[in-house]
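# Geometric and topological summary
Below are the chains, spelled out letter by letter.
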Amino acid sequence: MKLTAAELLQVRMPLVAPFETSFGVQHDRDVLLLRVELDGQAGWGECVTLPDPVYSPEFNDAAATVLREFLVPAVAGAPSLTAPRVGAVLQRFKGHRMAKAALEMAVLDAELRVAGMSLADYLGAVHDRVPSGVSVGIQPSIPALLEVVGGYLDSGYVRIKLKIKPGWDIEPVRAVRERFGDIPLQVDANTAYTLADARHLARLDEFGLLLIEQPLEDEDLTQHADLARQLRTPVCLDESVTSPKAAADAIRLGACSVVNIKAGRVGGYLEARRVHDVCAAAGVPVWCGGMVETGLGRAANMALAALPGFTLPGDTSASDRFYRRDIITEPFVLDDGHIAVPTGPGLGVEVDEDALAAVTVHRETVPLPR
Ligand code: NPQ
Ligand code: MG
């Protein structure tokens, strides 16, 4: 096949409530989408960058630029294009994994729609639904937190993740434990601590958390290993795991005993499957992270989360966790704490063109080399 057209879309999705993490508060989700055509068949990709380089070095405008100037033209120049070829064609470009992931996702969607195969089947999914956890932002107060967590538990979410930062860590966890008892509970620091905080973080040990996610900076593998030796709470890495090699290194160093897999962060769904394979071979459990995706990215995440090594509930929440109106025709819903893995060809979801138009801020055609 050949990539015959590409469009970049900037959309601004209002969030149902502000989402606060250790790196800031977001009121809207500004998403970069990519629509390609492979011999006329459309495919959708979602880039998980944020507007600012505060979660990863990538950001929306940089991703749009690198896609427009380098990545899309390179892939458009490939004569017999298949999804596994995308990574090879893009390999000479350093970094920009989230942008590369969006392009590979769009090609996968188009290619699998032509083949009549679902992404889940293509990746090797073994489940038709996945248990769903929810990520709870930093709240203005403990009573507000208990209210929000109670709401998610009432909805059926099977695991709660609390965002933490210095000054919002021990007490919120204690309060949730006291109110809701022995629920599956974990925390995510998004790199907000240093190794000097080890004794403080060890105070979380008494709460029997499933894990603590990314307490230290992205590059601090050795320091995560030191920290892990001082905690009973298992250490999970997110930001640090940018490739299968990084996962293997982290595991060998003892920097983590659990891995959060996000396809964008590692350069695509095929690379994410390789991270899954590395972890499975090492006996390290993995779970599917989330980047506050639209229904498109959410659909692909459900397929990934249905692989056999995903033995912990992910941040694979329903569409209404973040959005009042998703941009797909059948938004993801929670059923008995689970979400159904799409079975249709490609991503298995359809864009709701009216909903998309209502949130589209900018739409441009990417010029292709002739
Ligand atoms: C994480 N995601 O695991 C990320 C961080 C993240 C679901 O916790 C807008 C506002 C978009 C905050 C995307 C979750 C975001 C955001 C991702 C936080 O570290
Ligand atoms: Mg995280």
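Source: prediction; values computed, not measured. (Residues numbered from 1 in each chain as written. Chains lettered and ligands numbered in written order. Predicted model: local features only at pLDDT ≥ 70, side-chain atom pairs only at ≥ 80, totals over all residues. Heavy atoms only, no water.)

## A look at the environment of Leu146
- Secondary-structure assignment places Leu146 in helix 5 (residues 142-155).
- Residue class for Leu146 comes out buried when judged on its relative accessible area of 11%.
- Sequence separation between Leu146 and Arg177 is 31 residues, and the spatial gap between their C-alpha atoms is 10.0 Å.
- Among all residues touching Leu146, those that are not within four sequence positions of it are Ala175, Val176, Arg179 and Phe180. (Helix = DSSP H or I, 4+ residues; strand = E, 2+ residues; numbered from the N terminus. Buried < 20%, exposed > 50% of the residue type's maximum accessible area, 1.4 Å probe, protein only. Contact = heavy atoms within 4.5 Å.)

## Overview of the packing of aromatic side chains
- Inspection of the entire model under this criterion finds five aromatic pairs.
- Between Phe322 and Tyr323, the aromatic rings sit 6.3 Å apart at their centres with planes inclined by 50°, giving tilted as the arrangement. Just as Phe322 is buried, Tyr323 falls in that class too.
- Chaining the aromatic ring pairs together yields one cluster made of Phe19, Phe322 and Tyr323. (Phe/Tyr/Trp six-rings, centres within 6.5 Å; stacked < 30°, edge-to-face > 60°.)

## Some points on the coordination of the magnesium ion (ligand 2)
- The protein atoms donating to the magnesium ion (ligand 2) are Asp188 (OD), Glu213 (OE) and Asp238 (OD), with metal-donor distances spanning 2.1 to 2.3 Å.
- Coordination of the magnesium ion (ligand 2) draws on donor residues from a single chain, spaced D-x24-E-x24-D in sequence. Highlighted residues: Glu213 in strand 8 (residues 212-213) and Asp238 in the loop between strand 9 (235-237) and helix 9 (244-253), separated in sequence by 25 residues.
- For Asp238, a relative accessible area of 0% corresponds to the buried category. (Donors = N, O, S within 2.8 Å, 3.2 Å for Na, K, Ca; no water.)

So far we have only geometry, and geometry alone does not tell us how the molecule works.
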